[in-house]
Amino acid sequence: MNPPAPDSFCATAQAQPNIALIKYWGKRDVELNLPAVGSISLTLDQLWTRTKVCFVRVAGADRVRINGRTDAVSAQRVSACLDLLRQRAGVDWRAEVTSESNFPLAAGLASSASGFAALVRAAAAALELPLSPAELSRLARRGSGSAARSIHGGFVEWDRGACADGSDSHARQLMPAADWPLRVLVAITTTAPKEVGSREGMLHSADTSPFYPAWLTAQSGDLEAARGALRTRDFEALAAVSEHSCLKMHALAMSARPGLLYWNGATVEGMRRVRALRTQGLPVFFTVDAGPQLKVVCEESALLEARAALLELEGVHEVIECGLGEGARLLETAFGGTS
Ligand code: DP6
């Protein structure tokens, strides 16, 4: 006699947030979540999201808990992403999702990046779908664009692609973390949720900023400059193009109507401080996403001094120290009786 078929299919995966050096801002297709521009990022260690997905052999509404809480908007985004995996597997099973992160959500620390990368990795394993990294990245992209990059570790590029169906828009690793072990300091300047999320902010910028067409035209040059700086480990060149991309992205947000201002006073003071340190010869530069947290990239040799300088700033609550980390990975699977 055959053993009874399992009733539940569970898998747990971990992914880490990434920080974009050459920013993604704007979409060429909202439905498929295709970016208007390519982007380049660093995947972090230390910060993580761990997500368990259990499919149970019955139809019905998914149950989604993120850091112990249920919220309808996030649950809907999670279910929509899981639907893509269920379609591939040809099942309509209900999912139970529990996700924990060790850093403040919705505070400009790209929790959606690690969240959707871990979700897709876990769901694919639970459904026993043998997906390539490129396929995982395309699926994670549908949940949140930046999640496409967290599938990979180290230095990562997410291609804009040209195909209307998005088949060529996924991330790939440019260089493993060990090839240039940069450090990242995340200065927390608020723990409040951000007012205007990235998704809304980039659509609003594309619709109303007069500078948006220029952003689109210049991106391929920035990507090329960043790739060249990574290839030759040219910190000065990477600093210049990364700060340029960050400030340009914020210029789009500020020049939207009405303008979006993601920074607070500590963000601005932090940027000034980082530039002063670089003028003194320290290998350090800043970047800021759609929130007020300041991310500082540096060589190991500058770490202590940069950290001390950030902690001195009024309005900096905490500085989290990271290295570069791995891509999304499976932690465990369990197939069995109804959970
Ligand atoms: C400023 O990936 O959060 O962090 O695709 O709409 O989910 P959606 O947007 P999201 O945007 C990230 C924007 C950014 C820059 C970046 O990570 O490249």
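Residues numbered from 1 in each chain as written. Predicted model: local features only at pLDDT ≥ 70, side-chain atom pairs only at ≥ 80, totals over all residues. Heavy atoms only, no water.

Student: Go over the sheet that holds strand β8 (residues 94-101), please, and point to the residues and values.
Tutor: Taken in spatial order, the 5 strands line up as β7-β8-β6-β1-β15 in an open sheet, and their pairing is mixed. The sheet terminates laterally at β7 (63-66) and β15 (329-336), the two strands that pair on one side only. Across the sheet, the axes of successive neighbouring strands diverge by a mean angle of 10°, strand direction being ignored. Two strands pair when backbone bridges link them, and strand β1 (residues 8-15) and strand β6 (residues 49-56) are joined in this way by 8 bridges, in the antiparallel orientation. Residue pairing in the sheet places S8 in a bridge with V56 of β6. (Pairing = 2+ DSSP bridges. Helix = DSSP H or I, 4+ residues; strand = E, 2+ residues; numbered from the N terminus. Axes fitted to C-alpha atoms, helices over the stretch in contact; angles between N-to-C directions.)

Student: Quick rundown of the pairing of strand β13 (residues 294-298)? Include the residues and the values.
Tutor: In terms of residue burial, β13 counts as a mostly covered element, since 5 of its 5 residues are buried. Burial along β13 is two-sided: L294, V296 and C298 and K295 and V297, pointing in opposite directions, are all buried. By the bridge criterion, 4 bridges tie strand β12 (residues 284-287) to β13 in an arrangement that is antiparallel. In the strand pairing of β13, F286 is matched with V296. (Buried < 20%, exposed > 50% of the residue type's maximum accessible area, 1.4 Å probe, protein only.)

Student: Explain the pattern of salt bridges to me, using residue names and the numbers behind them.
Tutor: When their charged atoms lie close together, side chains carrying opposite charge are able to pair. Applying the stated rule across the entire model yields 20 salt bridges. A salt bridge links D289 to K23; the shortest N-O distance between them is 2.5 Å. Of this pair, D289 sits in the loop between β12 and β13 while K23 is found in the loop between β2 (18-22) and β3 (27-29), placing the two residues 266 residues apart along the sequence. Take D289 and K23: they sit in the same class, and that class is buried. What emerges from the salt-bridge pattern is a single network uniting E157, D159, R172, E224, R227 and R231. (Salt bridge = Lys/Arg side-chain N within 4 Å of Asp/Glu carboxyl O.)

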